[in-house]
Amino acid sequence: MAEHRLTFPTSEEDIRKLHAGDLVTVDGHILGIRDRTQIRIFDQGVEPPLELNGAFLLHTAPNVRKLGPGKYEPMCVGTTTSARMVRFTEPLGRDHGVRAIAGKGGLPDEAIEPMAKYGMVYFALVGGAAALETTQIEEIEEVYWEELMPECLWKFRVKDFGPLWVGIDSHGNSMYRDVQSEATKRLEEIVAGL
Amino acid sequence: MSTVATDLRQAVEDAAAHLYVWALKDIPQDLRDALAAAKDRETSVPGRRVLETIVKNVDVAEAENNIVCQDTGIAVYTCRVGEHFPLHPAKIYEALKIGTERATLNTPLRSNAVHTLTRENTGPNTGYRLPIVHWDFLPGWDGLDVKCIPKGSGSENMSFLKMCVPADGVKGIKQFVLESVVGAGGKPCPPGIVGVGIGGSADYAMFLAKEAIARPVGTTNPDPEVAKLERELFDLLNETGVGPMGLGGDVTVLSCHIEHADTHMTLNPVAVNYQCWAARRASAHITPDGHVDFDREF
Ligand code: SF4
């Protein structure tokens, strides 16, 4: 298990250096998205209001306090279950050059192939560890699509964001697939012994 | 902490407003102990790091006076109303609803409540039939106990029901619980509390599963047969290797709680309601004269 530090947006080359099980800390800019944000982009065909090339997308819907027009202060920013949004993985890589998707609980196996093909990774956060993550967010720099609150498109500037595990890498490996196949095997043994 | 209000409806409203925020910010001690013990016994490298991060997060929330997890959940309350408590449950419900709204707007908390079809936001964590209240009525008593359980969606989405047949027996119950937890993987933020409801009817089994997750870690079902099943399932669930956040490890669940009801001779319902590691809950006891005692358990 290697440890890395990355600044986002980043390149395909840097993403290809990561392997499933590695630990990563992130600086720079990350974008918050969720179900409705991606439904708008992909199902309703609305162009994203900013460049996603090289981006780190965080599955989130934060608790914020409004400071003024378009200006928000982070109160509690965490992450949500990623699996619901797996179908957006391929178009995010193919059409927008997204490099990392982060959330909790992993992405199902159908994400493995597009991630390998387009040079993307899935980062696993510790679900529920939002109070800690909030301390790693320096500022909410921009908010787009405020009418989707809290499922807007958020631009955060972060420092020491993590710990993140490479749950799925760009080489066809997934920690989730490995854990699930082992757990399924153990389950069969347990059930046989009941 | 304790307060006295002259207006009983107001006292219940104030209690609800306090309970919702308190539950979100301050993880109960039994859970903190269980998480610390889990951290010490976990041997997988990522699993241990996950648990260290969780324990750190609970401390950061306390130090920063912040909520522990961003998902403020749906507000679920359990109410035990004494026969002689002088406020009608219709008024208790109204007070819980307004208290939930006040807590959401004043803190402020993220509002999650939407119309189930249009998905439009319906209010500050309230809406039609929201919050959800479980009622219990006690004869010969004049008090009110309120417990607030903000229930996160990541774990609530991992709820499962199976109408096993009597011939499936206890083995069928065990198998279904094990399959549910392995299938849920990392999605409900393990390690948490696996709530199991058995018996009754389909809807009542799920109700019981939710009652089960509201119990503190370390409590057992008073029926020795059921308590034995709790222990067996706890051990088996931790043999699956799902581990913290589904990244693999020894600790898949912190506890397994079962609530049961007698049932029809041809029924054998099993409901699983998962509660994440952030198993938030807070309670208050309210006397007929509006005196409120906040304590973790009532
Ligand atoms: S499942 Fe629980 S800990 Fe995880 S994000 Fe939801 S509320 Fe938070």
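Every chain is numbered independently, its residues counted from 1 as its sequence is written. The lettering of chains begins at A and the numbering of ligands begins at 1, in the order of writing. Only residues with pLDDT of at least 70 are given local features in this predicted model, and only at 80 or more are side-chain atom pairs given and counted; all residues enter the totals for whole chains, interfaces and linings. The side-chain numbers reported here are obtained from all heavy atoms of the structure, hydrogens and water having been left aside.

(A) Up close: the overall build of chain A. Scanning chain A from N- to C-terminus turns up 6 helices and 9 strands. When we talk radius of gyration, it's over C-alpha atoms, and the globule rule is simply 2.2 Å times the number of residues to the 0.38. In terms of overall dimensions, chain A is globule-like: its C-alpha atoms have a radius of gyration of 17 Å, near the 16 Å expected for 194 residues. Accessible area is worked out with a 1.4 Å probe on protein chains only. A residue is then buried under 20% of its type maximum, exposed over 50%, and partly exposed in between. Relative to its full complement of 194 residues, chain A shows a buried share of 61%. Any two residues having at least one pair of non-hydrogen atoms within 4.5 Å are treated as being in contact. By sequence separation, contacts in chain A at least 24 residues apart represent 66% of the contacts at least 6 residues apart. For chain A, the exposed surface amounts to about 7400 Å²; the carbon and sulfur share of it is 46%. Only four residue types enter the tally: Lys and Arg on the positive side, Asp and Glu on the negative side; His and the chain ends are excluded. Note that the charge is assigned to NZ on lysines, CZ on arginines, CG on aspartates and CD on glutamates. For chain A, the centre of its 21 positive side-chain charges and the centre of its 30 negative side-chain charges are spaced 3 Å apart. The numbering of helices and of strands both runs from the N terminus, where a helix is a DSSP run of H or I of at least 4 residues and a strand a run of E of at least 2. Here, Shrake-Rupley sampling with a 1.4 Å probe gives the accessible areas, and only protein chains in the shown set may cover a residue.

(B) Summary view of the overall build of chain B. Along the backbone of chain B there are 8 helices and 10 strands. Taken over C-alpha atoms, the radius of gyration comes to 19 Å for chain B, in line with the 19 Å a tight globule of 298 residues would show. Each of the three principal axes of chain B carries a C-alpha extent, and together these read 55 × 50 × 40 Å. Counted over contacts in chain B with a minimum sequence separation of 6, partners at least 24 positions apart contribute 80%. Counting every atom, chain B has about 11800 Å² of accessible surface; 55% of that belongs to carbon and sulfur. Treating the 28 positive side-chain charges of chain B as one cloud and the 38 negative ones as another, the clouds have centres 6 Å apart.

(C) Spatial organisation of the confidence of the model for chain B. Counting all residues, the mean pLDDT for chain B is 96, and 98% of those residues have values of 70 or more. Reported for the predicted complex are a pTM of 0.95 and an ipTM of 0.94. Every residue carries a pLDDT, the predictor's confidence in it, which falls somewhere between 0 and 100.

(D) Here's a closer look at the site of the ligand. In this text, near means that some heavy atom of the residue lies within 4 Å of the molecule or strand in question. Around the ligand there are 13 residues in total, and A:Lys104, B:Cys69, B:Cys189, B:Cys276 and B:Arg280 lie nearest to it. More than one chain reaches the ligand: the nearby residues come from chains A and B. Note on residue categories: nonpolar means Ala, Val, Leu, Ile, Met, Phe, Trp, Tyr, Cys or Pro, charged means Asp, Glu, Lys or Arg, and polar means any other residue, Gly included. When its residues are assigned to classes, the shell around the ligand shows 5 nonpolar, 5 polar and 3 charged. Of the residues that make up the shell around the ligand, three or more belong to each of domain 1 (2-24 + 69-150 + 280-295) and domain 2 (153-275) of chain B. The split of the chain into domains comes from an automatic or database domain assignment.

(E) Structural context of the interface of chain B and chain A. Across the boundary between the two partners, chain B contributes 44 residues, which contact 44 residues of chain A. For any pair of parts, buried area is found by adding up, for both, the accessible area (1.4 Å probe) each one loses once the two are put together. Interface of chain B and chain A: buried area, both sides summed, is about 3600 Å²; carbon and sulfur atoms make up 65% of it. Looking at the side of chain B facing chain A, the largest losses of area belong to B:Gln70, B:Arg110 and B:Leu247, adding up to 18% of the total buried there. A side-chain nitrogen of Lys or Arg and a carboxyl oxygen of Asp or Glu constitute a salt bridge if their distance falls within 4 Å. Counting every contact that joins chain B to chain A gives 0 salt bridges. N or O atoms closer than or at 3.5 Å make up a polar contact, with two conditions inside protein: a donor-capable atom paired with an acceptor-capable one, and, for residues adjacent in sequence, both atoms drawn from side chains. Remark: the boundary between chain B and chain A carries 15 residue pairs in polar contact (both at pLDDT 80 or more). Going through the elements one at a time, helix H3 (45-63) and helix H6 (169-184) of chain B are the ones with two or more residues in the side of chain B that touches chain A.

(F) Region of interest: unusual backbone geometry. Residue A:Pro163 follows A:Gly162 across a cis peptide bond; omega there is 0 degrees. Note that A:Pro163 resides in strand S9 (residues 153-168). Its identity is not glycine, yet B:Asn125 carries a phi of approximately 65 degrees, on the positive side. Position of B:Asn125 among the secondary structure elements: in the loop between helix H4 (89-106) and strand S3 (132-138). Among the residues examined, B:Asn125 registers a relative accessible area of 4% and is labelled buried. Even without glycine at this site, B:Arg129 takes up a positive phi of about 65 degrees. For B:Arg129, the location among the structural elements is in the loop between H4 and S3.

(G) The domain arrangement of chain B, seen in detail. Residues and elements named next belong to chain B. Each domain of chain B was delimited in the assignment, giving domain 1 (2-24 + 69-150 + 280-295) and domain 2 (153-275). The gap between the C-alpha centroids of domain 1 and domain 2 is 26 Å. Taken together, the contact pairs 8 residues of domain 1 with 9 residues of domain 2. Carbon and sulfur atoms supply 57% of the area that domain 1 and domain 2 bury against each other, a total of about 700 Å² over both sides. Three residues stand out in domain 1 for area buried against domain 2, namely His-134, Ile-149 and Arg-281, and they jointly supply 58% of the buried area on that side. The interface formed by domain 1 and domain 2 holds 3 residue pairs in polar contact (both at pLDDT 80 or more) in total.

(H) Quick peek at the pattern of salt bridges. Residue and element names in this part refer to chain B. Counted by the stated rule, this structure contains 36 salt bridges over all chains. The shortest N-O distance in the salt bridge between Asp-71 and Arg-110 comes to 3.3 Å. Taken together, the residues span a long stretch of sequence, with Asp-71 in the loop between H3 and strand S2 (74-82) and Arg-110 in the loop between H4 and S3 at a distance of 39 residues. Comparing Asp-71 with Arg-110, the two get one shared label, buried. Across the pair Asp-145 and Arg-80 runs a salt bridge whose closest N-O atoms are separated by 2.8 Å. Of this pair, Asp-145 sits in strand S4 (residues 144-151) while Arg-80 sits in strand S2; the two residues are 65 residues apart in sequence, bridging distant segments of the chain. For Arg-80, a relative accessible area of 29% translates into the label partly exposed. Within the structure, one salt-bridge network assembled from shared partners comprises Arg-9, Glu-13, Asp-14, Lys-91, Glu-94 and Arg-102.

(I) Spotlight on a nonpolar patch on the surface. Candidate patch residues must exceed 30% relative accessible area and have no salt bridge, after which like charges are joined if within 9 Å and Val, Leu, Ile, Met, Phe, Trp or Tyr side chains if within 5 Å. A grouping of B:Leu161, B:Met163 and B:Leu267 is seen on the molecular surface, where their side chains present a nonpolar patch of about 240 Å² in accessible area. One can find B:Met163 in strand S5 (residues 159-164).

(J) A look at the environment of B:Cys69. Within the secondary structure layout, B:Cys69 lies in the loop between H3 and S2. Since its relative accessible area comes to 8%, B:Cys69 is described here as buried.

(K) Spatial organisation of helix H2 (residues 35-43) of chain A. Where H2(A) is concerned, the buried positions are A:Asp35, A:Thr37, A:Gln38, A:Arg40 and A:Ile41. At the C-terminal side of H2(A), A:Gly45 shows a positive phi close to 65 degrees.

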